[in-house]
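Listed below, chain by chain, are the residues.
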Amino acid sequence: MKYTTRPRAILLLADGTIFYGKSIGIAGTTFGEVCFNTGMTGYQEIFTDPSYFGQIMVATNPHIGNYGVNDNEVESDRIMISGLVCKNFSFNHSRPDSESNLFDYFEKQNLICISDVDTRALVSYIRDNGAQNAVISTDNTSIEDLKNQLAAVPNMKGLELASKVSVTEPYFFGDEAATYKVAALDLGIKTNILRNLAKRDCYIKVFPYNTPFGELEAFNPNGYFLSNGPGDPEPLVDVQETAKKMIASNKPVFGICLGHQIIGLANGISTYKMFNGHRGINHPVMNVLTGKGEITSQNHGFAVNREELENHKDLEITHFHINDNTVAGMRMKSKDCFSVQYHPEASPGPHDSSYLFDEFIAKLNN
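Residues numbered from 1 in each chain as written. Predicted model: local features only at pLDDT ≥ 70, side-chain atom pairs only at ≥ 80, totals over all residues. Heavy atoms only, no water.

*Asks:* Please provide a residue-by-residue account of the packing of aromatic side chains, values included.
*Replies:* Taken as a whole and assessed by the stated rule, the structure comprises 17 aromatic pairs. With 6.5 Å between their ring centres and 50° between their planes, F338 and F360 make a pair best called tilted. Here the residue F338 occupies a position in strand β19 (residues 337-340), and F360 occupies one in helix α11 (residues 355-365), the gap between them amounting to 22 residues. Taking the relative accessible area as the measure of exposure, F338 reaches 7% and is therefore buried. Judged by relative accessible area, F360 falls into the buried class, the value being 0%. Through pairs of rings, three or more aromatic residues link up here, namely Y43, F47, Y67, F89, F91, F103 and F106. Between K273 and the ring centre of F302, over which it is positioned, the NZ or CZ distance is 6.0 Å. (Phe/Tyr/Trp six-rings, centres within 6.5 Å; stacked < 30°, edge-to-face > 60°. Helix = DSSP H or I, 4+ residues; strand = E, 2+ residues; numbered from the N terminus. Buried < 20%, exposed > 50% of the residue type's maximum accessible area, 1.4 Å probe, protein only. Lys NZ or Arg CZ within 6 Å of the ring centre and 35° of its normal.)

Okay, structure coming up:
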């Protein structure tokens with residue numbers, strides 16, 4: 001590869017902890033909340049997932065880049081993570097249908113990556129000390145200067161980020177002649193969610209995050225969808241009001257991830273920032289309605305308050321995370337409104353939960 005000798009790079013955490021590594025060859029400094037993903041595959045889908053906007057991703061898989069990139073494996077139109085931390089960065093790739101190597105992909109979008117980091121030690125540290133802001137730098141900037149810059153970066157708690165990743169103009173996805181019409185509010189929607197709806201005979205109109213309910217209603221949809229997305233759900237007050245009107249319309253409403261949290265807030269249930277969050281493709285969930293376990297793809301740093309949900313007269317828990325009992329799914333008793341905290345579109349991840357799209361379609365039939 002063209003980079004035989006690579007310059008030193010550092011990862012500085014907000015609490016002053018430093019991890020050393022090497023630049024892959026793209027110089028610069030980048031900031032974000034450091035988090036880790038335990039998935040062993042699907043790195044391109046992760047990098048382009050809008051829910052990761054504003055975050056520095058630590059890959060627990062020791063090899064990143066070994067199968068290259070492919071335009072069919074993106075969840076948005078660009079890389080969304082702020083930076084990448086990995087152990088072994090593969091400049092060469094071996095998969096026959098790869099369209100390019102990961103370095104060229106990063107270089108085109110100026111994504112800063114630090115490799116040769118002891119990621120096992122780093123993930124263990126984050127797990128024990130919680131998610132926090134961090135900076136990756138290849139510029140030989142002094143530690144004190146980096147600390148001062150990092151101190152000015154806002155915390156994820158209270159940070160509204162949906163506006164940074166949502167479209168600015170509505171667009172359509174799917175076959176116009178499809179049986180069902182779905183109005184989707186884009187808080188950072190993943191492309192594979194749209195694919196899953198379209199292959200189930202849906203024609204979707206995707207609206208910007210701040211679209212008034214009247215414009216969604218004018219599409220005359222059979223149902224509404226609230227998408228995944230980044231940041232804290234609490235600042236999205238107008239979106240919460242839109243969700244209330246979706247629910248009041250008596251048409252089916254389905255929410256995923258951030259959309260799940262918005263539905264909770266619309267019903268008076270608070271949300272909170274988790275110590276670490278869930279990010280990976282092997283998270284165990286219990287389906288309370290069927291008594292069956294599911295292996296799920298998850299990516300969230302906020303959650304719905306379980307105690308408040310259990311005491312709510314019109315909401316009930318449908319799924320919970322087996323590892324920590326956090327709320328993983330809920331539904332309203334009086335409306336066709338349901339949501340999950342994880343990602344049934346599974347890109348990447350297992351397909352245990354794809355039935356949730358079928359349940360949404362069944363509600364559209366009512």
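*Asks:* Go over the sheet that holds strand β16 (residues 292-304), please, and point to the residues and values.
*Replies:* With respect to topology, 10 strands assemble into an open sheet ordered β10-β12-β11-β13-β14-β19-β18-β17-β15-β16, the strand pairing being mixed. Both outer strands of the open sheet, β10 (171-173) and β16, are each paired with one neighbouring strand and no more. Along the sheet, successive strands turn relative to each other by an average axial angle of 25°, direction set aside. Summarising the sheet, strand β13 (residues 223-226) and strand β14 (residues 253-256) pair through three bridges and their orientation is parallel. Residue Y224 lies in a different strand from β14, and its bridge partner there is V253. Sheet strands in contact with helix α6 (residues 191-198) are β10, β12 (202-208), β13 and β14, and its direction is about 150° off that of β12. (Pairing = 2+ DSSP bridges. Axes fitted to C-alpha atoms, helices over the stretch in contact; angles between N-to-C directions. Contact = heavy atoms within 4.5 Å.)

*Asks:* Let's hear about the packing of helix α8 (residues 237-248) against helix α9 (residues 258-266): which residues, and what values?
*Replies:* Closest axis-to-axis distance for the α8/α9 pair is 9 Å, and the angle between their directions is 75°. Viewed along their axes, α8 and α9 adopt a mutual orientation that is roughly perpendicular. Seen from α8, the contacting residues are V239, Q240, A243 and K244; seen from α9, they are I262, L265 and A266. Looking at side-chain class alone, the contact of α8 with α9 contains five nonpolar, one polar and one charged residues. (Parallel < 35°, antiparallel > 145°, perpendicular 65-115°, else oblique. Nonpolar A, V, L, I, M, F, W, Y, C, P; charged D, E, K, R; others polar.)

Structural measurements only, silent on function.
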